[in-house]
Amino acid sequence: MKLRIAVIGAGIVGSLISRELSKYDLELHLIEKNPDVGWGTTKANSAIIHAGYDDPPGTMRARFCVLGNELYGELSRELDFDFRRIGSHVVAFTEEEMEILEDLMDRGMKNGVQNLRILDREELLSMEPNLNPSVKASLWAPSAGITEPWEVAISAVENAMENGLNLHLNERVLEISVERGKVRRVKTNKGEYDVDIVINCAGVHADDIAKMAGAEPFDILPRKGEYILLDEDAHVVNSIIFPTPTKKSKGILILPTIDGGTLLGPTAEDLPKSKKDDLETTKDGIERIKRACLKLVPSLNFSRVLKTFAGMRAETKKMDFIIGKTKVWGFINVAGMRSPGLTAAPAIAKYVVEKIIQEDLGVGLERKKNFKPFRKRIPHIENYGLEEWEEVVKKDPRFGKMVCFCNKVSEGEIVEAIKRGARTLDGVKFRTKAGFGKCQGGFCTLRILEIMSRELGIPIEEIKLNNDEASMMNGKVRE
Ligand SMILES: Cc1cc2nc3c(=O)[nH]c(=O)nc-3n(C[C@H](O)[C@H](O)[C@H](O)COP(=O)(O)OP(=O)(O)OC[C@H]3O[C@@H](n4cnc5c(N)ncnc54)[C@H](O)[C@@H]3O)c2cc1C
């Protein structure tokens, strides 16, 4: 019988661990309570692949951040997602802040970050002319990059599924049975799975999952971060601009998104445990972001706001990731995934499979001979030359019919997203970016719903925004 492993939570961490495990001969399950992959904290963060100078030397955060950063290049080529090393500046406005830059540089060098440099005002302003002219210097880290976090998770899961992963969406883990000190069964709202190993990647709910298994207890302390997203016309910076960090967070920053927009934020607000799922933005939070960002770039234009949103950090008292085996044999925690969890995730995936499962638990895993490392993204006009795109359209004319004019998304892409598993409007949006542009779906939503209704063979009223309660329509105005 094959070894049976269940991964709980399809965020960036659970998705990349599943993909790493799919290289081995196993019965593998990924269980996610949401209707799609990457809709937890993975959906709402700064999307930075950090260089690794920020975290204290000797911590898991520092170690996996630097290793993870190095892995992103190859990973993006294998899984065909967007990743660009645009570099980051930590900027200083005072003498005291300049001392902090020196400390960060020293820390970065201890962590093994390459090519860090302190830039003087002239060099900094030549790279970032819109910065506040009273800036004094910056710590430049060319290895820092940006990506699309949920796209990384989706691409990893698509590839893992091609290599045998069983994905269970809309399935909430309710109980974990343990017999004679070993993990035995995972019970969900839809069924039960006999397992040998359970990997807890449940984000802000990882403490609840650890409790279900009777493993060593810990608390996840939610810390909310709010953001403002500006459209591509608001372009003001070429790289990631951090203020000098505080003890609590890296501060409120400005960066370009992978689509050419501009992201401002996040705030850092500690919330009670009961508010882990509170993702509302607040007037106070938005005002704080505006004030902090105007200090960095005084010419920012807030009339170009596309949307505001919030993400939840999974903090713990340990102030480090909680990764390892537990007193329950076969139950592994990958928890407390605060920043830089997105950056660290590819390195953590390898560590869990190679060190924790194979060395610490002593379970030998057999590599598949026929593992397929590559996944292709959905074809999109902006990634092709005109003649190449004509060939795509000749093969399937639906790729020639535009549905979302803001982001140039065709009917063919929407059909392909549905084929790859999108079952909600947001599922299509996150896979194709239809409805993510300037009009935020104002013009294309109905057309997307019609295509979904046709492809899925269900009435249009049954299509949901992102969960069972979120109906898009409640009937016809006229028959
Ligand atoms: C404001 C903010 C900014 C950040 N910026 C960065 C950054 O720029 N760079 C960086 O490297 N990191 C950043 N991070 C950290 C990074 O976003 C996280 O470390 C990462 O997304 C965590 O991924 P995850 O898979 O652990 O959690 P999640 O993405 O939350 O995934 C956990 C999944 O578990 C599922 N789940 C929970 N309970 C159950 C259950 N009972 N049954 C089934 N499924 C369940 C959830 O639905 C969820 O999908 C930031 C975080 C925040 C909040």
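This is a predicted model, so every value here is computed, not measured. The residue numbers shown here count from 1 along each chain, following its written sequence. Reporting in this predicted model follows two pLDDT cut-offs: at least 70 for local features of residues, and 80 or more for side-chain atom pairs to be given and counted; totals over whole chains, interfaces and linings ignore these cut-offs and use all residues.

Asks: Sorry, what's going on with the sheet that holds strand S8 (residues 145-147) here?
Replies: Two orientations exist for strands paired in a sheet by backbone hydrogen bonds: parallel and antiparallel. Reading across from one edge, S3-S8-S4 is the order of the three strands in this open sheet, with antiparallel pairing throughout. With one partner strand each, in any of the chains shown, strand S3 (48-49) and strand S4 (83-84) form the two edges of the open sheet. Direction of pairing for S3 relative to S8: antiparallel, over a ladder of two bridges. In the strand pairing of S8, Ile48 is matched with Ile146. Between any two strands, pairing holds if DSSP finds at least two bridges. Secondary structure counts use DSSP, requiring at least four H or I residues in a row for a helix and at least two E residues in a row for a strand, with both numbered from the N terminus.

Asks: What am I meant to see in the site of the ligand here?
Replies: Placing the C-beta atom from the backbone, one calls a residue near a molecule or strand if that atom lies within 6 Å of it. Around the ligand sit 38 residues, and of these Gly11, Gly40, Gly203, Gly225 and Gly341 come closest. Broken down by secondary-structure element, the contributors of at least two residues to the shell around the ligand are helix H1 (12-21), strand S19 (305-315) and helix H8 (341-360). Classifying every residue of the shell around the ligand by side-chain character gives 16 nonpolar, 17 polar and five charged. Lining the shell around the ligand are residues from two domains, each supplying at least three of them: domain 1 (1-83 + 143-220 + 316-377) and domain 2 (84-142 + 221-311). Each residue is assigned to one class: nonpolar for Ala, Val, Leu, Ile, Met, Phe, Trp, Tyr, Cys and Pro, charged for Asp, Glu, Lys and Arg, and polar for all the others, Gly among them. Each domain's extent was defined by an automatic or database domain assignment.

Asks: Got a minute to help me understand the packing of H1 against H8 in this structure?
Replies: Axis angle and axis distance: for two packed helices, these are the angle between their axes and the distance between the axes, and together they describe the pair. Whenever a helix is involved, its axis is fitted only over the stretch in contact; in every case the axis is a line through C-alpha atoms, and angles between N-to-C directions fall within 0 to 180 degrees. Running from amino to carboxyl end, H1 crosses H8 at an angle of 35°, the nearest separation of the two axes being 8 Å. Between H1 and H8 lies a crossing whose hand is right-handed. Only Gly341, Leu342, Ala345, Pro346, Ile348, Ala349, Lys350, Val352 and Val353 of H8 make contact with H1, whose side of the interface consists of Ile12, Val13, Leu16, Ile17, Arg19, Glu20 and Leu21. Of the residues assigned to the contact of H1 with H8, the class counts are twelve nonpolar, one polar and three charged. Note: crossing handedness is left-handed where the near helix turns anticlockwise from the far helix by less than a right angle, and right-handed where it turns clockwise. Once C-beta atoms have been placed from the backbone, residue pairs whose C-beta atoms lie within 7 Å are recorded as contacts.

Asks: Looking at this structure, I do not really get the nonpolar core. What am I missing?
Replies: Across soluble globular proteins, nonpolar side chains show a tendency to be buried alongside one another. In terms of nonpolar packing, the biggest core is built from 113 residues, with Val198, Ile199, Val334 and Ile348 touching the most fellow members. Ranked by the residues each element gives to this core, the list is headed by H8, at ten residues. Residue contributions to this core reach at least three from each of two domains, namely domain 1 (1-83 + 143-220 + 316-377) and domain 2 (84-142 + 221-311). Apart from residues lying up to four places away in sequence, Ile348 is in contact with Val13, Phe64, Ile323 and Val334. The next biggest cluster of nonpolar side chains, apart from the first, holds 17 residues, and it includes Ile414, Leu425, Cys444 and Ile451. One nonpolar core equals one set of buried Ala, Val, Leu, Ile, Met, Phe, Trp, Tyr and Cys residues connected by C-beta atoms within 7 Å. Neighbour counting defines burial: a residue surrounded by 20 or more other C-beta atoms within 10 Å of its own C-beta is buried, one with 12 or fewer is exposed, and intermediate counts give partly exposed, using backbone-placed C-beta atoms.

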